[in-house]
Amino acid sequence: MKISTKGRYGLTIMMALAKKYGEGPISLKSIAKDHKLSEHYLEQLIAPLRNAQLVKSVRGAYGGYMLAKEPKDITAGDIIRVLEGPISPVEVVDDEEPAKRDLWIKIRDAVKDVLDSTTLHDLANYEGQGDQEYYMFYI
């Protein structure tokens with residue numbers, strides 16, 4: 001499953017709001033500037049997040065956006081589903097061999113478990129393990 005820029009930037013917005021949770025509204029302009037992203041693109045992403053009641057907007061000179069719930073009550077899965085749609089790395093076909101169908105279901109469930117058990121609080125307060133090496137696997 002590939003997460004598009006919609007999902008990636010949506011998580012960026014939500015993590016920025018989570019880091020400032022309780023401090024009042026944050027402008028998209030400041031998030032865009034801090035992360036070197038297009039403010040116009042972030043404006044397109046914030047609408048579905050607001051419609052899903054994950055964020056709320058505040059109008060006025062000191063307005064902006066803030067989380068509608070506590071960061072511990074919003075999961076990465078909530079955000080990805082709003083911006084990317086249903087989580088389904090592989091389409092499960094009913095007439096497929098049972099072993100392959102079960103494999104696809106296990107993969108889907110594993111991805112869902114990771115996304116649904118990772119809260120915005122976890123992401124906003126993440127402290128990495130330093131110089132972790134990343135591996136690229138080709139199948």
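Each chain carries its own residue numbering, running from 1 in the written order of its sequence. Residues qualify for local features only when their pLDDT is at least 70, as the model is predicted, and side-chain atom pairs are given and counted only at 80 or more; totals for whole chains, interfaces and linings, by contrast, use all residues. With hydrogens and water excluded, all non-hydrogen atoms of the structure serve as input to the side-chain values.

(A) Up close: the pairing of strand 2 (residues 64-67). Strand pairing is assigned whenever DSSP detects at least two bridges linking the two strands. Helix numbers and strand numbers start at the N terminus; a helix is a DSSP run of H or I with at least 4 residues, a strand a run of E with at least 2. Pairing of strand 1 (residues 55-58) with strand 2 involves four bridges; the strand directions are antiparallel. Paired with S57 across the bridge in strand 2 is Y65. Here strand 1 hands over to strand 2 after five residues, with G60 in that stretch at a positive phi of 115 degrees.

(B) Looking closely at helix 2 (residues 28-35). Only protein chains enter the accessibility calculation, which uses a 1.4 Å probe. A residue is then buried if its area is under 20% of the maximum for its type, exposed if over 50%, and partly exposed in between. Along helix 2, the positions that sit buried rather than exposed are L28, I31 and A32. What you see down the axis of helix 2 is that its buried residues fit within an arc of 100 degrees, all on one side. Exposed positions of helix 2 whose direction lies more than 90 degrees from the buried face are K29, K33 and D34. What makes two residues a contact is simply this: any of their non-hydrogen atoms within 4.5 Å. On its buried side, helix 2 packs onto helix 1 (5-19), helix 3 (39-51) and strand 2. Of the residues trailing helix 2, K36 is marked for its positive phi of about 55 degrees. In this description, one arc is meant: the one made by directions from the helix axis to the C-beta atoms.

(C) Structural view of the layout of surface pockets. Put plainly, a pocket is an open set of points on a 1 Å grid over the protein atoms alone with protein on both sides within 12 Å along at least five of seven lines, a cavity is a set where a 1.4 Å probe fits but cannot get out, and a lining residue has an atom within 4 Å of a point. Grid points are joined across faces, edges and corners, and a volume is the space filled by probe spheres set on the points. By volume, the second largest pocket is sized at about 170 Å³. Around the second largest pocket, the lining residues are T12, M15, A16, K19, K20, I26, S30, I31, D34 and H35. Mapped by element, the contributors of at least two residues to the lining of the second largest pocket are helix 1 and helix 2. Just so you know the grouping, Ala, Val, Leu, Ile, Met, Phe, Trp, Tyr, Cys and Pro go in nonpolar, Asp, Glu, Lys and Arg go in charged, and all remaining residues, Gly too, go in polar. Residue composition of the lining of the second largest pocket, grouped by class: four nonpolar, three polar and three charged.

(D) How the structure looks around unusual backbone geometry. Phi is positive for K36, which is not a glycine, with a value near 55 degrees. For K36, the location among the structural elements is in the loop between helix 2 and helix 3. Its identity as a non-glycine residue notwithstanding, Q53 has a phi of 60 degrees, on the positive side. Locating Q53 in the fold gives a position in the loop between helix 3 and strand 1.

(E) Summary view of the environment of D113. Here D113 lies in helix 5 (residues 98-117). Sequence separation of D113 and K56 is 57 residues, and the distance between their C-alpha atoms is 27 Å.

(F) Summary view of the side chain of T75. Its place among the elements puts T75 in the loop between strand 2 and helix 4 (76-84). Dropping the residues within four chain positions of it, T75 is found in contact with L115, D116, T118 and T119.

(G) Spatial organisation of the packing of aromatic side chains. Note on ring pairs: Phe, Tyr and Trp rings are taken, using the six-membered ring of Trp, and paired if centres are within 6.5 Å. Classes follow the plane angle, with under 30 degrees stacked, over 60 edge-to-face and the rest tilted. Following the criterion strictly, the structure yields one aromatic pair and no others. The interplanar angle of 80 degrees and the centroid separation of 5.6 Å between the aromatic rings of Y9 and Y41 together place this pair among those described as edge-to-face. Here Y41 lies in helix 3 and Y9 lies in helix 1, a separation of 32 residues in the sequence. Residue classification places Y9 among the partly exposed residues on the basis of a relative accessible area of 26%.

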